[in-house]
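# Overview (structure and organization)
This is what each chain is made of:
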Amino acid sequence: MRVLLVEDDPLLGEGIQTSLRLAAIAADWLQDGVAALAALRAGGFDVAILDLGLPRLDGLSVIRAARSESISTPLLVLTARDRVSDRVQALDLGADDYLCKPFDPSELLARLRALHRRHSGQVQTIVGREPLLLDPTNFSVRWHGRPVDLPRREFALLRALLEQEGRIVSRDALQQKLYGWDEDVTGNSLEVHVHHLRRKFDPALIRTVRGVGYSLILPADAA
Ligand code: CA
């Protein structure tokens, strides 16, 4: 999952970005409304977390502008404004969810998962199907019924491929799911993660599509 975080409080922004990354979520952090709107226009985010009191362009104006331009990215408002009228206004302008500060990071993560499920049309919380099942709520993976431990980037990569099972996912799209803007990406790291996944599961699980990207093929379809 890739999340856009818009928060002008440096301590809070840094804290949220860290907790997102620990949860295998690629997080890009911006601190003003104009930059946020530009990033939403550029696209590529599964969910955006939006503060309301922001420099240059306030959060409500960002929501209004994004929706008037038919930008469909799910928007979660994260703010200290806790009046009912504030919540109603933000939701009616096009926000999808609203969480008041102070908040518990575990609730923020659960709401992000819920928004991502709803937006991608998933009903179940488990991603995949037998023999490969992945649970984003606790980062657990089961392969033919056995648990497999994965570092967070391998988990994020496997999830991105599994959500598009049988389809080709471009290298760019995968990089986006794995790394935030300011995270160091060495040239072959995507290949290295793919290599590790093939070793832990099955060499045939992930196919390389030369010059394009990768495709995850579950064994039942591999004939
Ligand atoms: Ca603020």
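Structure first, text after, so check above.
Below is a summary of the structure that appears in this document. (Residues numbered from 1 in each chain as written. Predicted model: local features only at pLDDT ≥ 70, side-chain atom pairs only at ≥ 80, totals over all residues. Heavy atoms only, no water.)

## Considerations on the overall build of the protein chain
- When helices and strands are counted, the protein chain shows 8 helices and 12 strands.
- Compactness check: the protein chain gives a C-alpha radius of gyration of 18 Å against a globular reference of 17 Å for 223 residues, within 12% of the reference.
- Expressed along its principal axes, the backbone C-alpha trace of the protein chain runs to roughly 55 × 35 × 30 Å.
- Counting the 223 residues in the protein chain, one finds 48% classified as buried.
- In the protein chain, the share of contacts with a sequence separation of at least 24, taken over all contacts with a separation of at least 6, comes to 59%.
- With an accessible surface of roughly 10,700 Å², the protein chain has 52% of that area assigned to carbon and sulfur atoms.
- Counting 28 positive and 30 negative side-chain charges, the protein chain places the averaged centre of each group 5 Å from the other. (Helix = DSSP H or I, 4+ residues; strand = E, 2+ residues; numbered from the N terminus. Rg over C-alpha atoms; globule rule 2.2 N^0.38 Å. Buried < 20%, exposed > 50% of the residue type's maximum accessible area, 1.4 Å probe, protein only. Contact = heavy atoms within 4.5 Å. Areas by Shrake-Rupley, 256 points an atom, 1.4 Å probe, with all protein chains shown as cover. Lys, Arg positive; Asp, Glu negative; His and termini not counted. Charge placed at Lys NZ, Arg CZ, Asp CG, Glu CD.)

## Quick word on the coordination of the calcium ion
- Around the calcium ion, the protein contributes the donor atoms D8 (OD), D51 (OD) and G53 (O), which lie 2.1 to 2.3 Å from the metal centre.
- One chain supplies every donor to the calcium ion, and in sequence these donors are spaced D-x42-D-x1-G. (Donors = N, O, S within 2.8 Å, 3.2 Å for Na, K, Ca; no water.)

## Some words on the pairing of strand β1 (residues 2–6)
- Of all 5 residues in β1, 5 are buried, a share of seventy percent or more.
- Note that β1 and strand β2 (residues 26–30) share 5 bridges and pair parallel. Across the sheet, V6 pairs through a bridge with L30, a residue of β2.
- Handedness of the β-α-β unit built from β1, helix α1 (residues 10–22) and β2 comes out right-handed.
- Bridge count between β1 and strand β3 (residues 47–50): 4 bridges; the pairing is parallel. Looking at the pairing, L4 lines up with A48 of β3. (Pairing = 2+ DSSP bridges. Right-handed = clockwise from strand over helix to strand, strands pointing away.)

## Examining the nonpolar core
- Ranked by size, the top nonpolar core spans 28 residues in total, and within it L132, V141, L158, F201 and L205 carry the most contacts.
- Listing elements by their share of this core, those giving two or more residues are β7 (132–135), β8 (140–143), α6 (152–163), α7 (171–178), α8 (189–200) and β12 (213–216).
- When residues of this core are assigned to their parent elements, the largest contribution, 7 residues, is made by α6.
- Grouped together as the second largest cluster of nonpolar side chains are 23 residues, L54, L60, I63 and A65 included. (Core = buried A, V, L, I, M, F, W, Y, C linked by side-chain atoms within 4.5 Å.)

## Quick notes on the side chain of D86
- Tracing the backbone through its elements, the reader meets D86 in helix α4 (residues 84–93).
- Assessed through its relative accessible area of 9%, D86 is described here as buried.
- Setting aside its immediate chain neighbours within four residues, D86 contacts R81 and Y98.

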